[in-house]
Amino acid sequence: MAEDPIRDQKNLGEFMGNKTLKAGLFAALAAGALWVLPMSAWAAPVFPEGISADGESLAGKTWEDALHTAEEKVKDQAGISVALTIEDKKAETTAGELGFHWSNQDEAEKELKSYVGGSLIRQYMNKKDLEKAPVDVSIKTAADPDKIRDFVDTHCDGVLAQPQDASIRRENGAFVITESVLGKVVDADATASALDTAFEGLKDSNGEISVQAVIIEEQPAITSDDLKTIEDVLGTCTTDFSSSGAARSTNLAVGAGKINGRVLMPGEVISGYECLQPFTLENGYKTAAAYENGQVVDSIGGGVCQIATTLYDAALQAEMEIVQRQNHSMIVTYVKPSMDGAIAGTYKDIKIKNNYSTPVYIEGYTSGKKLTFTLYGKETRPSNRQVEYVSETIGTTNPGEPQMITDKSLAPGAKVKVQSAHTGYKSRLWKVVTVDGVEQERTLLNEDTYNASKAIYRVGPAHAAPAPVPEQTAPATTPETAENHTPETAQTEPAQTEAEHKAVTGENGGPGVVPTTAAQPAGDNAGAESPASPAQEENP
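Summarised in this report is the structure supplied together with it. (Residues numbered from 1 in each chain as written. Predicted model: local features only at pLDDT ≥ 70, side-chain atom pairs only at ≥ 80, totals over all residues. Heavy atoms only, no water.)

### Quick notes on the overall build of the protein
When helices and strands are tallied, the protein shows eleven helices and 27 strands. Burial analysis of the protein (540 residues in total) assigns 44% to the buried set. Looking at the protein alone, contacts between residues at least 24 apart form 76% of all its contacts between residues at least 6 apart. Looking at the protein as shown, the accessible area adds up to about 26,200 Å², and 50% of this sits on carbon and sulfur atoms. (Helix = DSSP H or I, 4+ residues; strand = E, 2+ residues; numbered from the N terminus. Buried < 20%, exposed > 50% of the residue type's maximum accessible area, 1.4 Å probe, protein only. Contact = heavy atoms within 4.5 Å. Areas by Shrake-Rupley, 256 points an atom, 1.4 Å probe, with all protein chains shown as cover.)

### Describing the pattern of salt bridges
When their charged atoms lie close together, side chains carrying opposite charge are able to pair. For the structure on display, the rule yields 20 salt bridges. Across the salt bridge formed by Lys184 and Glu87, the nearest N and O atoms sit 2.7 Å from each other. One end of the pair, Lys184, is in strand β10 (residues 183-186); the other, Glu87, is in the loop between β3 (81-86) and β4 (89-94), and 97 residues separate them in sequence. Lys184 gets classed as partly exposed once you look at its relative accessible area, which sits at 37%. The exposure class of Glu87 is partly exposed, given its relative accessible area of 39%. (Salt bridge = Lys/Arg side-chain N within 4 Å of Asp/Glu carboxyl O.)

### Some thoughts on the environment of Thr229
Residue position: Thr229 is located in the loop between α8 (224-227) and β13 (232-240). Setting aside anything within four residues of it in sequence, one finds Thr229 in contact with Thr358, Pro359, Gly377 and Lys378. Engagement of the side chain of Thr229 in a polar contact is seen with the backbone oxygen of Asp226, the distance being 2.7 Å. (Polar contact = N/O pair within 3.5 Å; in protein donor to acceptor, adjacent residues only side chain to side chain.)

### As for the sheet that holds strand β22 (residues 385-397)
Taken together, the three strands give an open sheet; going across it, the order is β22-β25-β26, and neighbouring strands pair in antiparallel fashion. The open sheet is flanked by β22 and β26 (438-450), the only strands paired with a single partner. Neighbour-to-neighbour, the strand axes of the sheet open up by a mean angle of 20 degrees, direction not taken into account. (Pairing = 2+ DSSP bridges. Axes fitted to C-alpha atoms, helices over the stretch in contact; angles between N-to-C directions.)

### Considering the sheet that holds strand β1 (residues 51-53)
Pairing is mixed across the open sheet formed by three strands, whose spatial order is β2-β1-β6. Each of the sheet's edge strands pairs with one partner strand only, and the pair in question is β2 (56-57) and β6 (135-137). For β1 and β6, the ladder comprises three bridges, and the chain directions are parallel. For Ala53, the partnering residue across the bridge sits in β6 and is Val137.

### Concerning the packing of helix α9 (residues 246-259) against helix α11 (residues 305-318)
Any two packed helices are characterised by how steeply their axes cross, that is the angle between the axes, and by the distance between the axes. At a minimum axis distance of 9 Å, the contact between α9 and α11 shows a crossing angle of 50 degrees. Comparing the axis directions of α9 and α11 gives the class oblique. Handedness of the crossing formed by α9 with α11: right-handed. Across the interface between the two elements, Arg248, Asn251, Leu252, Gly255, Ala256 and Ile259 from α9 touch Gln306, Ile307 and Leu311 from α11. Of the residues belonging to the contact of α9 with α11, the class tally is five nonpolar, three polar and one charged. (Parallel < 35°, antiparallel > 145°, perpendicular 65-115°, else oblique. Left-handed = near helix turned anticlockwise from the far one by under 90°. Nonpolar A, V, L, I, M, F, W, Y, C, P; charged D, E, K, R; others polar.)

### Looking at the environment of Leu316
Here Leu316 lies in helix α11. Between the C-alpha atom of Leu316 and that of Tyr389, which follows or precedes it by 73 residues, the distance is 8.2 Å.

### Here we look at helix α5 (residues 120-132)
For α5, spanning 13 residues, the distance from its first C-alpha to its last is 19 Å, which sits close to the expected 18 Å at 1.5 Å a residue. Of all the residues in α5, the buried ones are Arg122, Gln123, Tyr124, Met125, Asn126 and Leu130. (Expected span 1.5 Å × (residues − 1).)

### Some thoughts on helix α3 (residues 63-78)
Over its 16 residues, α3 runs 23 Å from end to end, which matches the ideal 22 Å to within 8%, given 1.5 Å per residue. All of the buried residues along α3 are Trp63, Ala66, Leu67, Ala70, Val74, Gln77 and Ala78. Viewed along the axis of α3, the buried residues span an arc of 125 degrees, placing them on a single side of the element. Exposed positions of α3 whose direction lies more than 90 degrees from the buried face are Glu64, Lys75 and Asp76. Taken together, the buried residues of α3 touch β4, β5 (101-102), α4 (105-113) and β7 (141-142). (Arc of directions from axis to C-beta.)

### Topic: the nonpolar core
Within the largest apolar cluster, 43 residues are counted, with the highest numbers of intra-cluster contacts made by Ile259, Ile307, Met320, Ile352, Ile362, Phe373 and Leu375. Those elements that provide at least two residues to this core are β13, α9, α10 (272-276), α11, β20 (360-367), β21 (370-377), β22 and β25 (424-435). Sorting elements by how many residues they give to this core places α11 first, with nine residues. For Ile307, the residues in contact, after removing those within four places along its chain, are Asn251, Leu252, Gly255, Ala256, Ile259, Leu276, Leu371 and Phe373. (Core = buried A, V, L, I, M, F, W, Y, C linked by side-chain atoms within 4.5 Å.)

The following block contains the structure:
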């Protein structure tokens, strides 16, 4: 009972008005024996009869003795063993290791202190109150929730079967599905809660706390039923690389293999760069031609932009959402202008989002010097609705006279081609939707600029008596073909016919391509390196 001045004054008034009590107290004081009070003038105050802590009487104990008794009781309880059973396995510890402690110590101490010591009048009143209604102060204990959770996580991690996603692969023109498997996992929150509850009954335990882990079934993220919806061709594209050398051909086969077989769940985005990188010899790539600062250079992974382009055009046919796409700095010949996509680090990438409500399977491979990407899923578009993409060239730029670089290592008058000329282009791409052969929609998707680039030759030093010298070709420094050139254009933002990031919908709409915003034509430096991204290369 806490000290209460108002109560003490009231009791004091009652006491002073009670002649019998007053006479008894004064008589005791006069006799020099404070039998009313469990203390003497020269001894530490002690608790009166009627006060206990968790059922254990504190009568006759000093404050220090009572506190020590309570602390020792908590300490003894902290040594109790704790067992967590996970199916046929058991993890053991002690209450103390789980942070077992006296949880209401401040409140209990405050209440106990109100019954020991104090003025003579208060001590007398406490004694009388306790005679009428004994008080038992509760000693509450608890474990540390964080330590309980750490214990559960440590001993339950990997103990049971984790759920296994269903998988799908394409073999001999047909899909083969590996069934998903339900998981059995420990519900860590519920198990920790059960342990915490067990500690509340620790004082009634027989020397051990035993708890069964709460085990639940967990569904895999990808189920067999999800993958069974994959059966229709949503979009496909094939590009040619028949003029490519062995190194570039290898890069296309390696890169296509890194994307082949991927499944995009609804709302998931695939990044060409993230799938293909790192562009290293150790990752299977070879050195081949690439674009850098308006020139053709050798780069590990040269040619992978054709993968980005082919995947992009297949996604257009499927009307999936194009999250990111940039064109090359110079024109390529394996697709029409404004139908290409470039990869240059994270600066240029092809990112595609599955805007269908069912999964999409990506198939990619090379065969007979051709690269093919096909997207499979569940077709939802009307059969009488057709989509066509129309490339429109709106201007060209002549590359100008060749650039001659004197090379003293060549014979006088010798001439070696370093780089072919590239005509500059300005172009745009339209998405045209027809229903029963009648045009219903025409949307501008891309507007691009491709830089012009002069032919470059190395020539031998001039000589006094010029003589006709046949032109030579240096295969080691000549880019493979224009097919290998992939322009990087000013970055174009997808244009919108309705709301931003929403698919074309309605009677004539498909699952949707977010149209690309028509960008202003880039200037003379379009496709040049970004100052913030030095040495950016495109791998046409």
